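Each chain, written out:
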Amino acid sequence: MVKVTVPLLVFCLLGAGTAQAQVRLAAPEDCLTNPNCAPGLERVYGGGPPPDQLVKLEVADAGIQALDAGRAEVAVAFSSDPELSRPDVLPLRDDRRMIGSDHVVPVIRSSVARRYGRRLTRRINAASQLLSTLTLRSLNQQVIDGRLPEAVGGEFIDANGLGGEARRRPGPRIDIGYQDFAENETLAHLYAEAIRAAGYRVRVHAVGGLRREAVRAFRRGRIDLWPDYAGSLRQFLNGRAAAPRGARLLRRAQAQNRNVFAIKTETSRRLGIRTLSDLVRRWNARIARAAAEPLQDDQWAISEGSVLDLPGAWALTQGAGAVVAVVDSGTRLEHPDLAPNIWTNFREVPGNGVDDDANGYVDDVHGVDLTSTGAAQNLNDGHGHGTHVAGIIAAAQNSRGVVGVAPRAKIMTVRVLDSAGRGTTGAVAEGIRYAAANGARIINASLQGDDPDAAVNAAIEAAGAANALVVVSAGNSARDIDRQPSYPAAIPAPNLIGVAATAPDDGRDLDSYSNYGRISVGLAAPGGQILSTTNDGGFGYKSGTSMAAPMVAGVAALMVSVNPSLSAADLRAKLLQHAGRAQLPVAAGYVDAQASVRSVTTAVPYRSTQRLRLRILNATRKGKRTQVQLSVSGASAALKRYRLKLGKRTFSVKARHSTFTVILRGTGRRVRVDALDRSGRRLGSASRAVKKLRKGKTGVKRGKGIGA
Amino acid sequence: MRWALLALLAALALPAPAAAQRTISLSGSTSALPLVADLAYFYGREHRRAPRFDLVGGGTMAGLTDTKRRIVDGGMISRALRPDDPPGLVLTPFALSAVCLVTNADNPVPGVGRAQMQDLLAGRLTHWSQVPGSPRTDAIIPVTYAPGAGARTVFDSVFVDAATLIAYAPRVFRTAVQVRDFVRATPAAWGYVDAAFRRGLHTMRYEGVPCTRATVAGGAYPASRPFGIVTRGRPRGELARFLRWVRTSRKAKKVIATRYIPLSRSGQ
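Residues numbered from 1 in each chain as written. Chains lettered and ligands numbered in written order. Predicted model: local features only at pLDDT ≥ 70, side-chain atom pairs only at ≥ 80, totals over all residues. Heavy atoms only, no water.

(A) Spatial organisation of the nonpolar core. Residue and element names in this part refer to chain A. Among the nonpolar cores identified, the biggest contains 60 residues, and Leu310, Ile442, Val471, Leu523, Val552 and Leu575 are the most heavily contacted of them. The dominant element in this core, judged by the number of residues it contributes, is helix 15 (residues 545–562), at 13 residues. By size, the runner-up hydrophobic cluster in this structure holds 57 residues, among which are Ile124, Leu162, Ala188 and Ala255. (Core = buried A, V, L, I, M, F, W, Y, C linked by side-chain atoms within 4.5 Å. Buried < 20%, exposed > 50% of the residue type's maximum accessible area, 1.4 Å probe, protein only. Helix = DSSP H or I, 4+ residues; strand = E, 2+ residues; numbered from the N terminus.)

What follows is the structure in structure tokens.
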């Protein structure tokens, strides 16, 4: 191992003067006449884009692509464009309220509303209530991904409890029209499904153009209902009425599709533009480059030429909000490059000898020690392996030493290997369960053993239920593990990914020691000559698949930070899907941080569009308290609250998502949870027997041998 | 007896556990996933007791290896099986996708060959005056998709030679609708779209072969690929019933035909 001295702190500030910068605006052709674009800027902000700064968009909804292509610095987009949810894109604040609201609103023929009465209109209003702008972005993203608007709209209604079958109601068919763009078509089908499920006959068809055609089709009696946008419709009617004669607006959705002026966050910082006032007023900006870490040049794996492609991913996120468990030999917690990113269990009082949070472990403030059965937690790293792994994942960007793949993620220490680097599969299994139960979304296990253990398989399955992705090293025996398995890498699970190691300088070739397997090993990542934190407080190099796995764990942490709603299976799928293709003997290729992180910025996983699924992962009692860990997946637009029944008592808990824990005062033999919508209708339910809390560390001495 | 009765009553009083619900789990091609998701939705509309579906992407290779390792019931794939794929897998294809080369309707270029295509991609052909059959003389405006899009994957694998140094600077869009609208509105543009999005555009021949339903189904047109599900051995149970519906029902064919060419039970 080579030790490296930390050089003096070096700041890199280039071109720190003022520079003329152009601010081009990409906008559709109608910007020059649209009151929410150039004329509005002129009227409200006292200036518009100079003619030579106006870039015409041939495709109205391609504004963000113009930013990506560098054709403009600011672009007009629609607020329901999913690309606006990207972390590198910022809507400029309309600080003088120039842009009018434009809520989705169903317009219905008054005579039809009268004929079918409130039963029909209530149904349509209930569908509108489910629609927020973010929901609309999610629906649009599904269509962009290639799904049919009819299926997307219908599935949304089904998944949020308004679908199903009802007895056919007598009366004429209700004709629903849509304007010629995908969002409007999706909305038309969404309303149609809500109405059809209540027993009304419906037909959906295009009206062949935009608003003018929809209004004409209504006047000619071809349609009875269409989804429109309240602000634009009023503008179309010259402000004289909210709806055409003979029509009436039903309840407006919270969702809007209005003009937004979008800018890249980096451009916003560089040019100092955050509001529309800034856009009109300011044209000069300072150009500066962020400070780099002193040893960053020695970290080949994170350089711009590496296959990992990290700098591109960091433009989107640095991992804030993600917790990564390092199941290893412990961590030097006070290492200056790790200390800022050590996970803390705030429900545990340090050093009081009590299991304050009732999770079975005493004083697990920063993690747990599973190398001994003693109650205390000694997380110190007597071996050095765990500290090195932790630094690869999340060494802080603090101008000290190195930088991790996800420099703002938090490290949870799960010590399973002793100072000789040896442990048991029982401890590993318990460590994985602990990590998942205590909030880790990513679990890194840079471990290798030759013997399978059903307890580890079960723990990985339990981690999957809690939405945790387990990243493991392929092993360092230079063998094909499809033929001669290495564990845990060879365990088949939808939330586990095995990683092989590649060598410097660009990480394109497998390192000589690395295990591989076209079926069992999903990815390859830099693992040779990796510089990271050491357990003596300094920095040093190590090589192995143990170093490759945390590269992937770090990338996964970046992805979770951008899109926390992704399931572990979706995370794994995205990592595989966006790997750089290669001739390496692994299933997918090299992990590509930039492509993987970018892929989740607007991703709408299939599971999130389906009916809500509720699971109780754990229900334990200690004294007079009951702790319930819940996992929620699926559509949640309608979700308002949970009702928990424990014995004879009922508790109400506000809607929360993903995996979370609630503590109830009282005990009972069984707990039942119902997910409810605004009207108290049940969207999903689950129940489970309550068990007495068992003390932890039961698996420490069990199982087979395993090592770093 | 009394205890048995009580146990039975208790079981009836409790909701069915989530695990009892039948689920078909599939992973694999993100090009095939939206189509399978649509088919799953309409299958559920037609079958009251349809199972739940659990779909994730990961790419064709992930679908193949996950199926082989029994992580999922089946793998969604967007290519034919190859000899070096994991053994013991059976493909049930149900759709064909074709990527057509398109220009603006006012620029009816008859076709391009492989060499010309490499010249376009390498930036050696920059003006329409260099392209035989084009009535235009202005600069060529190429269009492509963001990396990862299904049509882009097909285009890269079929039309781009490994030796070609890519030097053209195309406009990048997210969806076929955006590409279609751009090419429709831009007389000097060329691009590529799935066959279902050709309306209003001119379709170029490639190596003399037109992009038509007949040439795609017959295999003469090179830029086509099958969508299907692989299973360990022949499909069984719920998945077999779903696939039978996909390959025989009128509704499934209609859903597939919105974007692709349906393949029936006979393979056509």
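(B) Structural context of a positive patch on the surface. Taken together, Arg615, Arg688, Lys691, Arg694 and Arg702 of chain A make up a surface patch of like positive charges. For Arg694 of chain A, a relative accessible area of 64% translates into the label exposed. (Patch = residues over 30% accessible without salt bridge, like charges linked within 9 Å, V, L, I, M, F, W, Y side chains within 5 Å. Areas by Shrake-Rupley, 256 points an atom, 1.4 Å probe, with all protein chains shown as cover. Salt bridge = Lys/Arg side-chain N within 4 Å of Asp/Glu carboxyl O. Lys, Arg positive; Asp, Glu negative; His and termini not counted. Charge placed at Lys NZ, Arg CZ, Asp CG, Glu CD.)

(C) Focus on helix 12 (residues 385–394) of chain A. Where burial is concerned, most of helix 12 of chain A is hidden: 10 out of the 10 residues are buried. Taken together, the buried residues of helix 12 of chain A touch strand 13 (323–328), strand 15 (410–415), strand 17 (442–445), strand 21 (530–533), strand 22 (539–542) and helix 15 of chain A. (Contact = heavy atoms within 4.5 Å.)

(D) A look at the interface of chain B and chain A. Contacts between chain B and chain A engage 41 residues on the former and 45 residues on the latter. Here chain B and chain A share an interface that buries about 3700 Å² over both sides, 53% of which is from carbon and sulfur atoms. If you sort the residues of chain B by the area they bury against chain A, Tyr41, Arg69 and Arg174 of chain B come out on top, with a joint share of 21%. Taken together, chain B and chain A are joined by 5 salt bridges. (Buried area = accessible area lost by both parts, 1.4 Å probe.)

(E) View of the packing of aromatic side chains. All names here are of chain B. Evaluation of the coordinates by the stated rule reveals 18 aromatic pairs over all chains. On the numbers, 4.1 Å between centres and 5° between planes, the contact of Phe155 with Tyr192 is stacked. Of the two residues, Phe155 is situated in helix 5 (residues 150–159) and Tyr192 in strand 8 (residues 189–194); the sequence distance between them amounts to 37 residues. On the accessibility criterion, Phe155 (1% relative accessible area) is buried. Overall, the relative accessible area of 0% leaves Tyr192 in the buried class. (Phe/Tyr/Trp six-rings, centres within 6.5 Å; stacked < 30°, edge-to-face > 60°.)

(F) Fine view of the sheet that holds strand 18 (residues 469–473) of chain A. All names here are of chain A. In space, the 8 strands of this open sheet follow the order 14-15-13-17-18-19-20-23, with parallel pairing throughout. Strands with a single pairing partner mark the edges of an open sheet, and in this sheet they are strand 14 (367–369) and strand 23 (589–590). The pairing of strand 20 (residues 523–526) with strand 23 spans 2 bridges and is classified as parallel. Considered in strand 23, the bridge of Ala524 is made with Tyr590. Along the sheet face, helix 13 (residues 425–437) touches strand 13, strand 14, strand 15 and strand 17 and points at about 150° away from the line of strand 15. (Pairing = 2+ DSSP bridges. Axes fitted to C-alpha atoms, helices over the stretch in contact; angles between N-to-C directions.)

(G) Representation of the side chain of Asn140 of chain A within the structure. With respect to the helices and strands, the residue Asn140 of chain A is situated in helix 4 (residues 133–144). Side chain to side chain, Asn140 of chain A and Glu183 of chain A meet in a polar contact 2.7 Å long. (Polar contact = N/O pair within 3.5 Å; in protein donor to acceptor, adjacent residues only side chain to side chain.)

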